[in-house]
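So the chains spell out like this:
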Amino acid sequence: MRIAQALTIAGSDNGGGAGIQADLKTFQELDVYGMTVITAIAAQNTTGVQGVFPISYEGIAQQLDSTGDDFKPNAVKTGMLYSTEIIQLVAEKWRHYEWSNLVIDPVMVAKGGAPLLQQQAIQTLITELIPHAQITTPNIPEAELLTGMSIRSLSEREEAARRLVQMGSTYALIKGGHDTGGMIVDVLYDGQSFHYLENIRIVTPHTHGTGCTYSAAITAELAKGSSVLAAVTTARAFIQAAIEDELGIGAGHGPTNHFAYQRRQRGEK
Ligand SMILES: Nc1ncnc2c1ncn2[C@@H]1O[C@H](COP(=O)(O)OP(=O)(O)O)[C@@H](O)[C@H]1O
Ligand SMILES: Cc1ncc(COP(=O)(O)O)c(N)n1
């Protein structure tokens, strides 16, 4: 049996809704073999982040080498990278192992407001890692920090996507979840034309890990050989199902339902 393989380089969420855990669950649901490099341990639950404990530089470097020396992931995603040093390290190993299909989810702040990327590391992300990206997937506040522009209108979302492509990302996906309308519009740009993914906003507090799950689904589809547009389209359906069929776990902003998409595909509830 040949199986597509994907690597996630991200932080751990013990609550299982975001970070490494969301990525692995998503890979598994989409029939992709998942591998991990853990950058930090975030102690968190549905009410917030209680602590962040970075893994040592050596610990991350060794995980990257142990992975790269033996495995050939078909796609790689980054989530919480935390510091300038970690971003530089990932960029160096990326070049060394000649990996392909890099998906950058530029995780900066948790839903509750806790910082997951040091402020000074944003510039390093732009100069060192984004030029290697097949696709970069910021939410609106992350896109504002990366591009230095304020984003209100659809045309500003398009301009932000253009700037990310100018920085070297082959595709840019500006996610619309932080907008306020009844429809959510995610804007995908390939350097020439725009694609708009429009979905009904689901009224729910349970959106913890949506960005992680969405970008993990894109990574899984790229690992299987899909085009970027096809990967984003499938991933969007995956995240919509995951938010719609809510699990209602925890007292605060609960995780999404990683089972939902495949259950629907099989005609189950
Ligand atoms: N309430 C919602 N209803 C439907 N889709 C949502 C909802 N919240 C988020 N999404 C979708 O999940 C994806 C990630 O959400 P977003 O909030 O933009 O990013 P992040 O989780 O990185 O902050 C986007 O495609 C967004 O449109
Ligand atoms: C380890 C880790 N990575 C990423 C997120 C962002 O997820 P969200 O924006 O849904 O809080 C998180 N909370 N924890």
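Residues numbered from 1 in each chain as written. Chains lettered and ligands numbered in written order. Predicted model: local features only at pLDDT ≥ 70, side-chain atom pairs only at ≥ 80, totals over all residues. Heavy atoms only, no water.

## Observations regarding helix 3 (residues 84-97)
1) Next: Between the first and last C-alpha of helix 3 there are 20 Å, a value that for 14 residues agrees with the 20 Å anticipated at 1.5 Å per step.
2) Next: Looking at helix 3, one finds that the buried residues are T84, I86, I87, L89, V90, A91, K93, W94 and Y97.
3) Next: Contacts made by the buried residues of helix 3 are with strand 1 (5-13), strand 2 (33-45), helix 2 (57-68), strand 4 (75-78), strand 5 (102-104) and helix 4 (121-129). (Helix = DSSP H or I, 4+ residues; strand = E, 2+ residues; numbered from the N terminus. Expected span 1.5 Å × (residues − 1). Buried < 20%, exposed > 50% of the residue type's maximum accessible area, 1.4 Å probe, protein only. Contact = heavy atoms within 4.5 Å.)

## Structural notes on the sheet that holds strand 6 (residues 135-136)
1) Next: Spatial ordering of the open sheet is given by 3-2-1-4-5-6-7-8-9, a layout of nine strands whose pairing is mixed. Each of the sheet's edge strands pairs with one partner strand only, and the pair in question is strand 3 (48-54) and strand 9 (194-200).
2) Next: Strand direction decides the pairing type here: strand 2 and strand 3, joined by six bridges, are antiparallel. Within the sheet, the bridge partner assigned to A40 lies in strand 3 and is P54. (Pairing = 2+ DSSP bridges.)

## A few points about the site of ligand 1
1) Next: Near ligand 1 there are 18 residues, and of these N139, K175, H178, D186 and T210 occur at the shortest range.
2) Next: Here G211 contributes a backbone N or O atom positioned 2.9 Å from an oxygen atom of ligand 1.
3) Next: Of all the secondary structure elements, the ones that give two or more residues to the shell around ligand 1 are strand 8 (183-189), helix 7 (210-223) and helix 8 (228-244).
4) Next: With four residues, helix 8 is the single largest residue contributor to the shell around ligand 1. (Near = heavy atom within 4 Å. Polar contact = N/O pair within 3.5 Å; in protein donor to acceptor, adjacent residues only side chain to side chain.)

## Some thoughts on the side chain of T256
1) Next: Inspection of the secondary structure puts T256 in the loop between helix 8 and helix 9 (260-265).
2) Next: Beyond its immediate chain neighbours, meaning those up to four positions away, T256 contacts H206, T207, H208, T210, T213, I239, A242, I243 and L247.

## What to know about the UniProt feature "domain: Pyridoxamine kinase/Phosphomethylpyrimidine kinase" (unreviewed entry) in the protein chain
1) Next: UniProt marks residues 13-257 with the feature "domain: Pyridoxamine kinase/Phosphomethylpyrimidine kinase" (unreviewed entry), using the numbering shown here.
2) Next: Between the C-alpha atoms that bound residues 13-257 the distance is 15 Å, and the span itself is 40% helix and 20% strand. (UniProt positions renumbered as here; feature names shortened; annotations may be inferred.)

## Notes on the nonpolar core
1) Next: I9, L64, L81, L129 and L146 are the most contacted members of the largest nonpolar core, which totals 49 residues.
2) Next: Per-element tally for this core: the top contributor is helix 3, with seven residues.
3) Next: Leave out the neighbours within four places in its chain, and I9 touches V37, T39, L64, V76, K77, T78, G79, L81 and V90.
4) Next: Counting 30 residues, the second largest nonpolar core, distinct from the first, contains A231, A235, A241 and A242. (Core = buried A, V, L, I, M, F, W, Y, C linked by side-chain atoms within 4.5 Å.)

## Things to note about the packing of helix 5 (residues 140-147) against helix 6 (residues 154-166)
1) Next: Relative to each other, helix 5 and helix 6 sit at 55°, their axes nearing to 10 Å. Judged on the interaxial angle alone, helix 6 and helix 5 are oblique. Seen along the crossing, helix 5 lies across helix 6 with a hand that is left-handed. Listed contacts from helix 6 to I140, L146 and T147 of helix 5 are R157, A160, R163 and L164. (Axes fitted to C-alpha atoms, helices over the stretch in contact; angles between N-to-C directions. Parallel < 35°, antiparallel > 145°, perpendicular 65-115°, else oblique. Left-handed = near helix turned anticlockwise from the far one by under 90°.)

## Observations regarding the site of ligand 2
1) Next: Taken together, the neighbourhood of ligand 2 is formed by 14 residues, with G11, Q44, K111, H208 and G209 sitting nearest.
2) Next: Take K111: an N or O atom from its main chain is 3.1 Å from an oxygen atom of ligand 2.
3) Next: Within the backbone of G209, one N or O atom sits 2.5 Å away from an oxygen atom of ligand 2.
4) Next: Expressed as a share of its isolated accessible area of 360 Å², the protein-covered part of ligand 2 is 93%.
5) Next: Among the secondary structure elements, those contributing two or more residues to the shell around ligand 2 are strand 1 and helix 7. (Areas by Shrake-Rupley, 256 points an atom, 1.4 Å probe, with all protein chains shown as cover.)

## With respect to the packing of aromatic side chains
1) Next: Under the definition given, this model contains five aromatic pairs.
2) Next: Between the aromatic rings of Y189 and F194, the centroid separation amounts to 4.3 Å while the plane-to-plane angle is 20°, which identifies the pairing as stacked. Neither Y189 nor F194 differs from the other in exposure class; each is buried.
3) Next: Here the aromatic rings of F194 and Y196 are separated by 6.4 Å at their centres, their planes lie at 25°, and the arrangement is stacked.
4) Next: Taken together, the ring pairs in this structure connect W94, Y97 and W99 into an aromatic cluster. (Phe/Tyr/Trp six-rings, centres within 6.5 Å; stacked < 30°, edge-to-face > 60°.)

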